[in-house]
Amino acid sequence: MAGAGVTLEELKKRLAEFAKERDWDQYHSPRNLLLAMVSLCLLIVFISMLFCISVLEVGEVGELSEIFQWKGEVPRGLPNWKDEEKEHLGEELSDVLLYLVRLSDICGVDLGKAAMRKLELNAIKYPIKPCEGSSEKHTQINAASHNNANGDGVAGSIYSDNSTSNSGV
Ligand SMILES: Nc1ccn([C@H]2C[C@H](O)[C@@H](COP(=O)(O)OP(=O)(O)OP(=O)(O)O)O2)c(=O)n1
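Residues numbered from 1 in each chain as written. Predicted model: local features only at pLDDT ≥ 70, side-chain atom pairs only at ≥ 80, totals over all residues. Heavy atoms only, no water.

In the nomenclature of an unreviewed UniProt entry, the chain is known as dCTP pyrophosphatase 1 of Populus tomentosa. Looking at the Subunit (unreviewed entry) heading of the UniProt record, one finds this comment for the chain: "Homotetramer." Taken from UniProt, the Cofactor (unreviewed entry) comment for the chain reads in full: "Mg(2+)". (UniProt positions renumbered as here; feature names shortened; annotations may be inferred.)

Structural data, given as structure tokens:
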């Protein structure tokens, strides 16, 4: 089954391809990716408060954020970072990953399968053509497509256009 037993290396490759096809490397800076994770965590905090679970995971993301605090924008590959700083970053990233893997196991979620499925859903939400070089959210791109469809007959909703989606997992 797609995604069952997927390795971290495969997932890394798929994510890199997904970003490259959409010319999104320009937006995937360390800071932007971290901020994307942090906003996701604010949602988890809210849900955690409702269900009293998983606050530790948010704590680890907080520790990860501390490493980038006051550094401003950081270039890919972290060329000016000391070895100790990179090692510390590796430890905090691992804490987040290890808690995620453990949490999904305890909850009975096959994380590899779920991640591959989410990539397929992302490809439907963010088809290559309208999303190429754009950092807009799918809702904004979808609204723009609707406007175009009303105005000059160009493509309608991105959800109904499978011709450019990249969901062939
Ligand atoms: N510039 C971007 C935008 C999205 N994604 C990928 C990573 C995430 O797996 C997913 C996040 O997409 P959304 O921000 O649209 O969030 P959701 O999928 O949760 O959608 P929604 O917020 O509408 O529920 O897409 C990405 O890699 N780079």
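Having put the structure on the table, let's press on.
Asks: Looking at this model, I keep getting lost on the overall build of the chain. Mind explaining?
Replies: Per the secondary structure count, the chain includes 7 helices and 0 strands. Along the chain direction, N to C, the helices and strands of the chain fall in the order α-α-α-α-α-α-α. Across the 169 residues of the chain, 25% fall into the buried class. At a minimum sequence separation of 6, the contacts of the chain that also span at least 24 residues come to 66%. By element, 59% of the accessible surface of the chain is carried by carbon and sulfur atoms, the whole surface being about 11300 Å². (Helix = DSSP H or I, 4+ residues; strand = E, 2+ residues; numbered from the N terminus. Buried < 20%, exposed > 50% of the residue type's maximum accessible area, 1.4 Å probe, protein only. Contact = heavy atoms within 4.5 Å. Areas by Shrake-Rupley, 256 points an atom, 1.4 Å probe, with all protein chains shown as cover.)

Asks: Is there a simple way to think about the site of the ligand in this case?
Replies: Around the ligand, the neighbouring residues are Trp 24, His 28, Lys 118, Asn 122, Lys 125, Tyr 126, Lys 137 and His 138. Tyr 126 is positioned with one of its side-chain polar atoms (N or O) 2.6 Å from an oxygen atom of the ligand. The contact in question runs from an oxygen atom of the ligand to an N or O atom on the side chain of Lys 137, over 2.7 Å. Bound to the protein, the ligand loses 56% of the 580 Å² it would expose on its own. At 3 residues, the largest contribution of residues to the shell around the ligand is made by helix α5 (residues 111–125). In terms of residue class, the shell around the ligand is made up of 2 nonpolar, 3 polar and 3 charged. (Near = heavy atom within 4 Å. Polar contact = N/O pair within 3.5 Å; in protein donor to acceptor, adjacent residues only side chain to side chain. Nonpolar A, V, L, I, M, F, W, Y, C, P; charged D, E, K, R; others polar.)

Asks: Help me out: how do you make sense of the packing of aromatic side chains in this one?
Replies: To describe a pair of aromatic rings, you give the distance between the ring centres and the angle between the ring planes. Tallied over the entire structure, the rule returns 3 aromatic pairs. With 5.8 Å between their ring centres and 70 degrees between their planes, Phe 18 and Trp 24 make a pair best called edge-to-face. Grouping residues by exposure puts Phe 18 and Trp 24 together as buried. Ring centres of Trp 24 and Tyr 126 lie 5.2 Å apart, and the angle between their planes is 80 degrees; on these two criteria the pair is classed as edge-to-face. Residue Trp 24 is found in the loop between α1 (8–21) and α2 (30–51), and its partner Tyr 126 is found in the loop between α5 and α6 (128–131); the two are separated by 102 residues along the sequence. Considered together, Trp 24 and Tyr 126 belong to a single accessibility category, that of buried residues. Through pairs of rings, three or more aromatic residues link up here, namely Phe 18, Trp 24 and Tyr 126. Sitting over the ring of Phe 18, Arg 22 keeps its end group 3.7 Å from the ring centre. (Phe/Tyr/Trp six-rings, centres within 6.5 Å; stacked < 30°, edge-to-face > 60°. Lys NZ or Arg CZ within 6 Å of the ring centre and 35° of its normal.)

Asks: Where do I start with the pattern of salt bridges in this structure?
Replies: A side chain with one charge can pair with a side chain of the opposite charge if their charged atoms come near. Inspection of the entire model under this criterion finds 6 salt bridges. Here Glu 21 makes a salt bridge to Arg 22, at a shortest N to O gap of 3.3 Å. Since its relative accessible area comes to 0%, Arg 22 is described here as buried. (Salt bridge = Lys/Arg side-chain N within 4 Å of Asp/Glu carboxyl O.)

Asks: Help me out: how do you make sense of the side chain of Glu 92 in this one?
Replies: As for its placement among the helices and strands, Glu 92 is situated in helix α4 (residues 83–106). Despite its burial, Glu 92 remains without a salt bridge, the nearest opposite charge being carried by Lys 71 at 13 Å. Once residues within four sequence positions are removed from consideration, Glu 92 is found in contact with Glu 60, Glu 63, Leu 64 and Ile 67. (Lys, Arg positive; Asp, Glu negative; His and termini not counted.)

Asks: Would you mind showing me how to read the nonpolar core here?
Replies: Side chains of nonpolar character tend, in soluble globular proteins, to be buried together. Counting 11 residues, the largest nonpolar core consists of Val 6, Leu 11, Phe 18, Ala 19, Trp 24, Met 116, Leu 119, Ala 123, Tyr 126, Cys 131 and Ile 141. Those elements giving two or more residues to this core turn out to be α1 and α5. Once you skip the residues sitting within four places of it in the chain, Leu 119 turns out to touch Leu 11, Arg 14, Leu 15 and Phe 18. One finds Val 61, Val 74, Trp 81 and Val 96 within the second-largest nonpolar core, a separate group that totals 10 residues. (Core = buried A, V, L, I, M, F, W, Y, C linked by side-chain atoms within 4.5 Å.)

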